[in-house]
Amino acid sequence: MKINKLYGLCLITIFPALASAVENPVVLPSDIIGEWTCQIFYPRLGVESLDQFDFQADGTSLGIGIINFQKTFTYESHHTGHWELKGNMLSETSTNYVFGKIHSKETEQKLKNSPELNEFEQKIFQTFTQNANDGKPVNIEITELKGNKMRINHVWDNQERHAGLCVKKTKENS
């Protein structure tokens, strides 16, 4: 009986520690340095982003991204910035985001033919661009890091999290 209680006590003590180790991986700045391709889904909004980041050893970064809204409107972004790592939280700050519209020919035609759709698209574009250069960091929580793959959550100011996956460029996948 005493052995079972001791075993139970060990399980109660060890499992939370193991769970937090899985949830909060040890991430070093050297793990981040390099070129990454990241895909994040925002299901509630119908948005998917695909970004390429180059995180430099000096703390600078370069990013190029594509945002697809409800599989209809497509935007491209370019920026440079600075990154830092605190625990498993990667933060990137940029004040020079540039956005452009790269809609399909079909979408462009629909926009020309529908003032209502065009107005809606203008509001979507404004939403994506209005706070892009406010100097606030983009916070990425690293939930798992194995080899050249990193599971992430884009953490918004309201603590809402959006899951994604990043793959680091290596000689094998160049």
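Since the structure is predicted, the reported quantities are computational estimates derived from the model, not experimental observations.

Draft legend 1. Structural context of the state of the cysteines. The full count for this structure, using the stated rule, is one disulfide. In this model, C38 is linked to C166 through a disulfide, with the two sulfur atoms separated by 2.1 Å. With the S-S bond torsion at 115°, the cross-link from C38 to C166 turns out right-handed. With C38 in strand β1 (residues 34-42) and C166 in strand β9 (residues 161-168), the pair connects residues that are 128 residues apart, well separated along the chain. Each member of the pair C38 and C166 is classed as buried.

Draft legend 2. Seen up close, the packing of aromatic side chains. The final tally for this structure, using the stated rule, is 10 aromatic pairs. Relative to F55, the ring of F53 has its centre 5.5 Å away and its plane inclined at 15°; by these criteria the two rings are stacked. Aromatic side chains F69 and F128 sit 6.5 Å apart centroid to centroid with 75° between the ring planes, which places their arrangement in the edge-to-face category. With a gap of 59 residues between them, F69 in strand β3 (residues 60-69) and F128 in helix α4 (residues 115-130) connect regions that are remote in the sequence. Members of the aromatic cluster, each reached through a chain of ring pairs, are F69, F73, Y75, F120, F125 and F128.

Draft legend 3. Local environment of the pattern of salt bridges. For the structure on display, the rule yields nine salt bridges. Between D157 and K136 there is a salt bridge whose closest N-O contact spans 3.4 Å. With D157 in the loop between β8 (149-155) and β9 and K136 in the loop between α4 and β7 (138-146), this residue pair connects regions lying 21 residues apart in the sequence. Here D157 falls in the exposed class, since its relative accessible area comes to 60%. Notably, a salt bridge pairs R161 with E141, separated by 2.8 Å at the nearest N-O pair. Taken together, the residues span a long stretch of sequence, with R161 in strand β9 and E141 in strand β7 at a distance of 20 residues.

Draft legend 4. Representation of the packing of helix α3 (residues 105-113) against α4. At a closest axis distance of 5 Å, the pairing of α3 and α4 adopts a crossing angle of 115°. On the side of α3, the interface is formed by K110, L111 and N113, while α4 contributes P115, L117, N118 and E121. Split into classes, the residues belonging to the contact of α3 with α4 amount to three nonpolar, two polar and two charged.

Draft legend 5. Up close: the environment of G63. Looking at where G63 falls in the secondary structure, it is placed in strand β3. Residues G63 and H78, 15 residues apart in the sequence, show an inter-C-alpha distance of 5.7 Å. Those residues within four positions of G63 in sequence are excluded, and the remaining contacts are Q52, F53, S77, H78 and H79.

Draft legend 6. Structural view of unusual backbone geometry. Located in the positive-phi region is Q70, a residue other than glycine, with phi close to 50°. Turning to its location among the elements, Q70 is positioned in the loop between β3 and β4 (73-86). Residue K71 is not a glycine yet carries a positive backbone phi of 55°. Tracing the chain through its elements places K71 in the loop between β3 and β4.

Rules and cut-offs
Residues numbered from 1 in each chain as written. Predicted model: local features only at pLDDT ≥ 70, side-chain atom pairs only at ≥ 80, totals over all residues. Heavy atoms only, no water. Disulfide = S-S within 2.5 Å. Helix = DSSP H or I, 4+ residues; strand = E, 2+ residues; numbered from the N terminus. Buried < 20%, exposed > 50% of the residue type's maximum accessible area, 1.4 Å probe, protein only. Phe/Tyr/Trp six-rings, centres within 6.5 Å; stacked < 30°, edge-to-face > 60°. Salt bridge = Lys/Arg side-chain N within 4 Å of Asp/Glu carboxyl O. Axes fitted to C-alpha atoms, helices over the stretch in contact; angles between N-to-C directions. Contact = heavy atoms within 4.5 Å. Nonpolar A, V, L, I, M, F, W, Y, C, P; charged D, E, K, R; others polar.

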